[in-house]
Amino acid sequence: VSAPKGSVTTGPGPGPASRPKIVGGRLPAAAMVVVYLAALGTFIGIVALRGGPSVGDAYGVTNPATALADGDLHGAARDSVLPQPPGYALLSSPFVLAFRPLIGSPRWCDGRVPTVTRLLLPWCAPDQLSTHRWYRSQAVLGLLAWVVFVFGCVSLLRVSGAGGGSAEALLVIVLAAIPAAGDSIIETFHPQDLVSVGLGCAGLAQALRRRWVATGVLFGIAFLCKQFALLPLVAVVVAVPGWRQRARVALPALAVVGCGIIPFVAVDPSGTWSTLSAVNSGVVKLSTGTVVGMTNLNESTKLLIARDGPVVLALAMSLWARWRVGSRLLSPVALIGLATACLAGRLVAEVWFASYYLLAVSAGLLILDLASRRLPVASFLWIAITGHITLSGPPRR
């Protein structure tokens, strides 16, 4: 019997008789603990075997975190040079304050840097190497970022009714092994992407539970880490049943973002706006192998398309989906699918490309397959093919 038109479908999906074995019965708690520990060990092993976290882009998040831990807001604003909000530094600075000198150093030696280069770097001098290992610096917080990522993905799977069993175990193990997760730490050190995707998934889970304020708060923090969290938030706001509920999502999100950004605006308004808008090309020549990168547009226009184009596309897709299915859009499979499609729009408009850009879409496709009670063959193929293409020859800036 089909559901009436316009009704809300939030159930787990097909009945037990139609479920593949991969989403069968629940696993014992002890077995799940072993799975989680094995997954964390796998992720740590991958990071260690591949040379440890990179120093590329690292100081754009570690130096502001150190400055915030020291109570130096001006220094944190000055050091926030990456084109993103200061959310990750705000979240990591309490850990730096509480656990230094154990993990407080903002610098470490990249194991893949040639020896002669390390000898020329003052923080990698031979007599300092023992205090600048990645696992004794802020780099180790990248492992905690992966935990946040997994927590958000699992919470979204569970609200779909497919958690607690072999599907959850498979998801956790795969999230430890997918190239995009490791590359976010190993290639350029972007733990903020892991945190943003995890909090965005947790926000989707809260929306499916109709906890509007919690949804807004989680998406606000996710946006403070990376701006692309706005894309699934657009899907949620359109899917929410009424304007009052939309306000209960949007206002907490705006309040959280305001609390995180206003202090930086107060001490460095132009610099904060430049990093937040991410459309200042500076001296970089953006002639890359992407569709937007190969155009003859000027650099600022390319960046404007890359930043704002996906938002427009996400809004169009969300409005179309709401028109087609109505209130049924606020059901697990529909909302996860729409949010993943909105995040995929970012890949279409990017000016340059890095492997960790695939993180959000890879996680979304996996969760979508498992929430739909499908073996994740298609998502595995997508992850394998895109990972191979990225590793074999990503476009250069």
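Residues numbered from 1 in each chain as written. Predicted model: local features only at pLDDT ≥ 70, side-chain atom pairs only at ≥ 80, totals over all residues. Heavy atoms only, no water.

## Examining the overall build of the protein
So, point 1. When its secondary structure is counted, the protein shows 17 helices and 0 strands.
So, point 2. For the protein, the share of sequence-separated contacts (at least 6 apart) that also reach a separation of at least 24 residues comes to 76%.
So, point 3. A total accessible area of about 17,700 Å² is found for the protein, and carbon and sulfur atoms account for 69% of it. (Helix = DSSP H or I, 4+ residues; strand = E, 2+ residues; numbered from the N terminus. Contact = heavy atoms within 4.5 Å. Areas by Shrake-Rupley, 256 points an atom, 1.4 Å probe, with all protein chains shown as cover.)

## Considerations on helix 1 (residues 29-49)
So, point 1. Taking 1.5 Å per residue, 21 residues should reach 30 Å; helix 1 reaches 30 Å between its end C-alpha atoms and fits that length.
So, point 2. Contact partners of the buried residues in helix 1: helix 6 (141-159), helix 7 (166-177) and helix 8 (179-186). (Expected span 1.5 Å × (residues − 1).)

## Points about the pattern of salt bridges
So, point 1. Counted according to the given criterion, the structure contains 7 salt bridges.
So, point 2. Between D183 and R50 there is a salt bridge, with its nearest N and O atoms 2.8 Å apart. Here D183 is found in helix 8, whereas its partner R50 is found in the loop between helix 1 and helix 2 (59-69), with 133 residues between them in sequence.
So, point 3. Residue classification places R50 among the partly exposed residues on the basis of a relative accessible area of 30%.
So, point 4. The residue K226 makes a salt bridge to D193 at a minimum N-O spacing of 3.2 Å. Taken as a pair, K226 in the loop between helix 10 (212-225) and helix 11 (230-239) and D193 in helix 9 (residues 191-208) lie far apart in primary sequence, 33 residues in all. For the pair K226 and D193, a shared accessibility class is recorded, and that class is buried. (Salt bridge = Lys/Arg side-chain N within 4 Å of Asp/Glu carboxyl O. Buried < 20%, exposed > 50% of the residue type's maximum accessible area, 1.4 Å probe, protein only.)

## Description of the confidence of the model for the protein
So, point 1. In the predicted model, the protein carries a mean pLDDT of 85, and 81% of its residues have values of at least 70.
So, point 2. Every residue in residues 392-397 is under pLDDT 50, and counting partners more than four places away or in other chains gives 10 contacts. (pLDDT = per-residue confidence, 0-100.)

## Some thoughts on the packing of aromatic side chains
So, point 1. On inspection of all chains with the given rule, the structure shows 5 aromatic pairs.
So, point 2. Note on W108 and F189: the rings are 5.0 Å apart at their centroids and 65° apart in plane angle, and the pair reads as edge-to-face. Separated by 81 residues along the polypeptide, W108 in the loop between helix 4 (87-99) and helix 5 (115-120) and F189 in the loop between helix 8 and helix 9 bring together distant segments of the chain.
So, point 3. Lying across the ring of W243, R246 places its NZ or CZ 4.6 Å from the centre.
So, point 4. Lying over the aromatic face of Y357, R346 brings its terminal NZ or CZ to 4.5 Å of the ring centre. (Phe/Tyr/Trp six-rings, centres within 6.5 Å; stacked < 30°, edge-to-face > 60°. Lys NZ or Arg CZ within 6 Å of the ring centre and 35° of its normal.)

## Focus on the environment of F189
So, point 1. Here F189 falls in the buried class, since its relative accessible area comes to 0%.
So, point 2. Spatially, the C-alpha atom of F189 lies 6.2 Å from that of G56, the residues being 133 residues apart in sequence.
So, point 3. Setting aside anything within four residues of it in sequence, one finds F189 in contact with P53, S54, G56, D57, A58, V61, T62, W108, Q138, A139 and S184.

## Observations regarding a nonpolar patch on the surface
So, point 1. Where nonpolar side chains cluster on the molecular surface, the patch consists of F95, F99, L102, L144 and V147 and spans about 420 Å² of accessible area.
So, point 2. When residues of the nonpolar patch are traced back to their parent elements, those giving at least two are helix 4 and helix 6.
So, point 3. According to the relative accessible area criterion, L102 is exposed, its value standing at 53%. (Patch = residues over 30% accessible without salt bridge, like charges linked within 9 Å, V, L, I, M, F, W, Y side chains within 5 Å.)

## Topic: helix 15 (residues 332-349)
Since there are 3.6 residues in each turn of an α-helix, residues three or four apart along the chain are aligned in direction.
So, point 1. Spanning 18 residues, helix 15 covers 27 Å between terminal C-alpha atoms, matching the ideal 26 Å at 1.5 Å per step.
So, point 2. Of the residues making up helix 15, those classed as buried are P332, L335, I336, L338, A339, T340, C342, L343, G345, R346 and A349.
So, point 3. On its buried side, helix 15 packs onto helix 6, helix 9, helix 11, helix 14 (299-325) and helix 16 (359-371).

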